[in-house]
Structures are given as C-alpha cells and as structure tokens.
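Topology and contacts: notes
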Amino acid sequence: MNKKAIKDIDIKDKRVFIRVDFNVPIKDGKIEDDTRIRGAMPTIEYAIQQGSKVILASHLGRPLEDKKKAEENKMPFDESKYSLKPVYEYLRAMPQLQDISSRGDEPVFTNEQGTALGKAEVKNDKVFFANDCVGANVKERVNQLKAGEVLLLENLRLHAEEEANDDEFAKQLAELCEVYVNDAFGAAHRAHASTAGITKFVDTAVAGLLMEKELNFLSKALNNPERPFVAILGGAKVSDKIPVIESLIERKVDKLLIGGAMAYTFFKANGYTVGKSLVEEALMPKALEIEKMAKDKSVELILPTDHQVVDSYDPLNSRKTIPIEFTNKGLVGLDIGVETIEIFKRALEGAKTILWNGPVGMFEEKPFDEGTIAIAQAVAEATEKGATSIVGGGDSVAAINQAGLEDKISHISTGGGATLEFLSGDALPGVEALDEK
Ligand code: AMP
C-alpha cells in the first residue's frame, strides 16, 4: 500500500479521530451482526495501547433520506433508530474496553467518608458517548479525554453536510483531532466529509489496520493473484456488477462463476426461456458482449446448468429442481440446483485465490439459501486446501456466518460497494485522500 498507516506515525497522547464503519444492523436496540465492530477493534485497541485519546465516528443508515420518505408518505418516523447509542452500550460491555485497573481486588467505590463500599468488578469508565458529532459540547468533551479513553460520536449522517462533503462541517470534525485515521473501508468509496473532506483540514491522515488489511488482500487478488484464480459472482442485478465482471475478465481471472438472478440475463440473451425469473432485458446485449470478452481472454465463464424453481401460481408447494432448459414460462428460478453446486465445487478445486461476492439464490428465503450455503462450504473447503479466499458483500458474509465458517475464510471483507468499486479498478476517494508513504 502506498498510503501511510497508523503504525507509521506517532499517536501517543494525541487526539486521534478514527472514522470507523459501525453501520451495523440493529433491532430493538440490539446489534444483530457485529462483524464490522469486531473488524475495527484492532485499530481501536492499538490506539488505546499507544495512549491516544480516541474519538470514534461513523454513519448508521440513511436517517435524512428515510425521514424525507416517511414525511412524503405521511408515515411515522423514529429518529432514535439511527442513534449509535446501542453501539456505545456494546463497546462498553467489551472486556478489552473496560478499565482493567479497576477490576482488581482493590475496593474502588467509597462513600464520602472514604469508607470502602465493596469491590467493583468492573468500572466502565473508559468508553463515552457524545450526543452529536460536532459543536461546542462535543469539543469540550473531547478536550476532557484522557489517554486511553474512547469517545463515540453520534451518527455523522444526522447532518446533511456529511454526505454533501461540506467543507465547514469537515473542518469542525477536523478541529476535534490531531490525527485522522480512516478505518471505514465499507465507506471508502464515498467522498463524504468524514471520509474525504476532513483530510484537507488535518496535518496527518492515515489508514487504520482494517483499511490496510482490506486493501492488501484486495490489491493482491486484483494485481498479483496466485493462480488458479476463481471468482464467484451472484446477486440480483447484473447491472451492479458489470464493471467488476469486466475488470476481472480484463485481469484474466481463470474461472468466473455466475449464479443468482444475474445469470438469467445471460440465459435469456442466449435464447432460453427463463419464465418469471429476474431478467434485465436492457442488458442482454451486454451479457453477450461479456461472454465474447471472456472467450477472447480465455476466461472460463461458468453459468448454472440447473436451478430450483417454483410455479409462480403456487410458490409454496411447487418447488423442484430442473435443468435450465426445462424452464417454462410459469416458473421462477430462485436458487442454483444440485448439479450446479457440484459444478461450482469442482471449479473451486485446486484454486489458489477465490473471490466471492453475492448470493447464488434468494438467500433470505429458506430453502432458497441452500445453494449459497453450499458455496460458503465449498469456499471454506478450498481455503483449507490452500486457497486464499476473500468474501465480500452482505449476503455472502451472512451465509459464511450462518454456516459458522468465519474462521475458515482468509479474509471476510467489511465492504460491499467499496469492495466492488475497488475490484472494478476504481480509486476509492477515502483512500486517495490519505497521506502518501
Ligand atoms: P445484490 O445486492 O446484487 O448482491 O443482490 C442480493 C440479492 O439478490 C438478495 O436479496 C437475493 O435475494 C437476490 N437474489 C439472488 N438470486 C436470486 C434469484 N434467483 N431470484 C431473486 N432474487 C435473487
């Protein structure tokens, strides 16, 4: 990586602003998937160990857009759903963020006369929360921070200026710190105030450990992969993935497996009946172009041979697995079939680099998660046999987690859109803005 990283600079005693990606699913105040928080912990812990005063900032959802939509539809809007407070509670409960010095045998709590009242198990006084991300109160709170303490700021996107990359807002964020660290790989494809604008107003802007790790894995896969290099792409829309497909073919991935609804645009372009399966008609010529491009570059493009379908008139009782060419106009394809699973598995055998993004079926609806789970297992098996595997995108990562395979994948990327843009060969604004080595 040609960008400076947190370990290249001195952060001792400094106010360090870490842009993290805590955009996690939260339901009834509870965090449903903590992958992104865990991903940021090495950087946070490193900064604490170095004696920094740590300021954490993140976005969560799209509060302003959602509010506007709710108002337009005259629906109620609950702004509290966009608060990072549940993340604060989560961080406070993390053993590595608790004040270890107060966990010993010393009685910590005393009354006004100085009499010990009992032994405190844990004194959670290391992590704090600010109700906003800018303003006089936040500034004052930051100035009170001691070395090794952490202050989580409220959701950046409660201010429209964040996404507008507003200079004045970026400057206010910059004024909170002496060092800026970007560890939010998942937001690095956006030029927002906290990911890009802020770097104009700080002296030092570097990558965090997660950002560094993400970039190292992805750039190796993109520029210098160990071969055979096999990519698996799935998901709903081929339109979202065209730049990645082209970039992977251009860089001569050895095999490109395409599953999910995306595959139907290819089938229909080749004259197959795909029934009511999802197709992007306008992209059919592009699909043929991609097939030709793959052929010219000797990239093996592998599409499903069978699929799980339901009759659109009786979706609950009609599930069956059939060859693609047996599809009639009443059927809708929702997952890859058993034969395709075997073909994809075989294609992964002996792979040295594997890249997977996107589910190969309608993963959220059981039993149409079967194909995606089988791919998760196949990727884990190939990793055990020596492949370096990189998995990105919400559903593919969820499949890995659901199958309990997190430890069997070389790198689980925290980025969805950012991963795809990077693999398409695009520069990420949040990375570009960092100091050169
Ligand atoms: P993407 O955001 O493009 O990665 O697409 C993810 C979505 O694709 C998920 O919500 C899946 O349910 C959906 N998907 C994958 N395969 C199919 C399919 N055969 N039919 C309908 N939706 C699908």
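The coordinates are above.
Report on the accompanying structure. (Residues numbered from 1 in each chain as written. Predicted model: local features only at pLDDT ≥ 70, side-chain atom pairs only at ≥ 80, totals over all residues. Heavy atoms only, no water.)

1. A closer look at the pattern of salt bridges
For the structure shown, the criterion picks out 21 salt bridges. Here Arg15 ties to Glu178 by a salt bridge, and the two come within 3.7 Å at their closest N and O atoms. You can see Arg15 sitting in strand S1 (residues 15–19) and its partner Glu178 sitting in the loop between helix H6 (167–174) and strand S9 (179–182), a full 163 residues away along the chain. For Glu342, the salt bridge goes to Lys345, with nearest N and O atoms at 3.7 Å. You can see Glu342 and its partner Lys345 sitting in helix H11 (residues 338–348), three residues apart, about one turn around the helix. On the basis of relative accessibility, which here comes to 39%, the residue Glu342 falls in the partly exposed class. In this structure Lys345 comes out as partly exposed when scored by relative accessible area, which is 30%. (Salt bridge = Lys/Arg side-chain N within 4 Å of Asp/Glu carboxyl O. Helix = DSSP H or I, 4+ residues; strand = E, 2+ residues; numbered from the N terminus. Buried < 20%, exposed > 50% of the residue type's maximum accessible area, 1.4 Å probe, protein only.)

2. Topic: the site of the ligand
By nearness alone, 17 residues border the ligand, and Ala236, Ala261, Gly333, Gly361 and Glu364 come closest of all. Here an oxygen atom of the ligand sits 2.4 Å away from a polar atom, N or O, in the side chain of Glu364. Going through the elements one at a time, helix H8 (238–250) and strand S16 (331–336) are the ones with two or more residues in the shell around the ligand. For the shell around the ligand, the per-class residue count stands at eight nonpolar, four polar and five charged. (Near = heavy atom within 4 Å. Polar contact = N/O pair within 3.5 Å; in protein donor to acceptor, adjacent residues only side chain to side chain. Nonpolar A, V, L, I, M, F, W, Y, C, P; charged D, E, K, R; others polar.)

3. What to know about the nonpolar core
In this structure, Phe17, Leu153, Ile245, Leu248 and Leu256 are the most contacted members of the largest nonpolar core, which totals 69 residues. Once you skip the residues sitting within four places of it in the chain, Leu153 turns out to touch Phe17, Ile55, Leu56, Ala57, Leu84, Phe129, Ala130, Asp132, Cys133, Val138 and Leu176. Residues Ala40, Leu56, Val127 and Leu152 belong to the second largest nonpolar core, which totals 33 residues. (Core = buried A, V, L, I, M, F, W, Y, C linked by side-chain atoms within 4.5 Å. Contact = heavy atoms within 4.5 Å.)

4. What about the environment of Cys133?
With respect to the helices and strands, the residue Cys133 is situated in the loop between strand S7 (127–129) and helix H4 (136–144). According to the relative accessible area criterion, Cys133 is buried, its value standing at 0%. Distance from Cys133 to Glu65, taken between C-alpha atoms, is 19 Å for residues 68 residues apart in sequence. The residues touching Cys133, leaving out its near neighbours within four places in the chain, are Val138, Leu153, Glu154, Leu156, His159, Phe169, Leu173 and Leu176.

5. Structural notes on the sheet that holds strand S15 (residues 320–323)
Across the sheet, three strands lie side by side as S15-S14-S16; this open sheet has antiparallel pairing. Whereas interior strands pair on both sides, the edge strands pair on one side only; in this sheet they are S15 and S16. Each strand axis lies, on average, 45° off the axis of its neighbour in the sheet, ignoring direction. Note that strand S14 (residues 306–311) and S15 share four bridges and pair antiparallel. Residue pairing for S15: Val309 is matched across the bridge by Lys320. Against the sheet, H11 touches S14, S15 and S16, its axis set at about 35° to S16. Helix-sheet contacts for helix H12 (residues 370–384) involve S14 and S16, and the interaxial angle to S16 is about 20°. (Pairing = 2+ DSSP bridges. Axes fitted to C-alpha atoms, helices over the stretch in contact; angles between N-to-C directions.)

6. Regarding helix H1 (residues 35–49)
Every α-helix carries 3.6 residues per turn, so stepping three or four residues along brings you back to the same face. Compared with the 21 Å implied by 1.5 Å per residue over 15 residues, the 22 Å span of H1 between its first and last C-alpha is a close match. Its axis deflected by about 35° at Met41, H1 carries its strongest bend there, up to four residues before the proline Pro42. Regarding H1, the residues found buried are Thr35, Ile37, Gly39, Ala40, Met41, Thr43, Ile44, Tyr46, Ala47 and Ile48. Of the residues trailing H1, Gly51 is marked for its positive phi of about 80°. (Expected span 1.5 Å × (residues − 1). Bend = angle between axes of the 7 residues up to and from the residue.)

7. A look at the packing of aromatic side chains
Using the criterion set out here, one finds five aromatic pairs in the structure. Counting every residue linked through ring pairs, the aromatic cluster contains Tyr264, Phe267 and Tyr272. In this structure, Arg141 packs its charged tip against the face of Phe128, placed 4.7 Å from the ring centre. (Phe/Tyr/Trp six-rings, centres within 6.5 Å; stacked < 30°, edge-to-face > 60°. Lys NZ or Arg CZ within 6 Å of the ring centre and 35° of its normal.)

8. Concerning empty space enclosed by the protein
Throughout the structure, instances matching the rule amount to one cavity of 30 Å³ or more. The computed volume of the largest cavity comes to approximately 40 Å³. Lining the largest cavity, in full, are Val20, Asp21, Arg36, Ala40, Asp183, Ala184, Phe185, Gly186, Leu210 and Thr414. Tallied by class, the residues present in the lining of the largest cavity amount to five nonpolar, two polar and three charged. (1 Å grid on protein atoms, 1.4 Å probe; cavity = no way out; pocket = protein on both sides within 12 Å on 5 of 7 lines; lining within 4 Å. Points joined across faces, edges and corners; volume = space filled by probe spheres on them.)

9. Observations concerning the layout of surface pockets
Here the largest pocket is characterised by a volume of approximately 540 Å³. What lines the largest pocket is a set of 24 residues, among which Asp21, Asn23, Arg36, Thr414 and Gly416 lie closest to the centre. Elements with a minimum of two residues in the lining of the largest pocket: H1 and helix H13 (394–402). The greatest single-element share of the lining of the largest pocket, amounting to three residues, is contributed by H13. Classifying every residue of the lining of the largest pocket gives five nonpolar, 13 polar and six charged.

10. Overview of the pairing of strand S12 (residues 255–258)
Every second residue of S12 is oriented toward a common face, with Lys255 and Leu257 on one face and Leu256 and Ile258 on the other, all of them buried. Examined bridge by bridge, strand S11 (residues 229–233) and S12 share four bridges and lie parallel to one another. Bridge pairing in S12 links Ala231 to Leu256. Between S11 and its parallel partner S12, the chain crosses via H8, and the hand of that crossover is right-handed. Pairing analysis gives three bridges linking S12 to strand S13 (residues 300–302), with the strands arranged parallel. Counterpart to Leu257 in the pairing with S13 is Ile302. (Right-handed = clockwise from strand over helix to strand, strands pointing away.)

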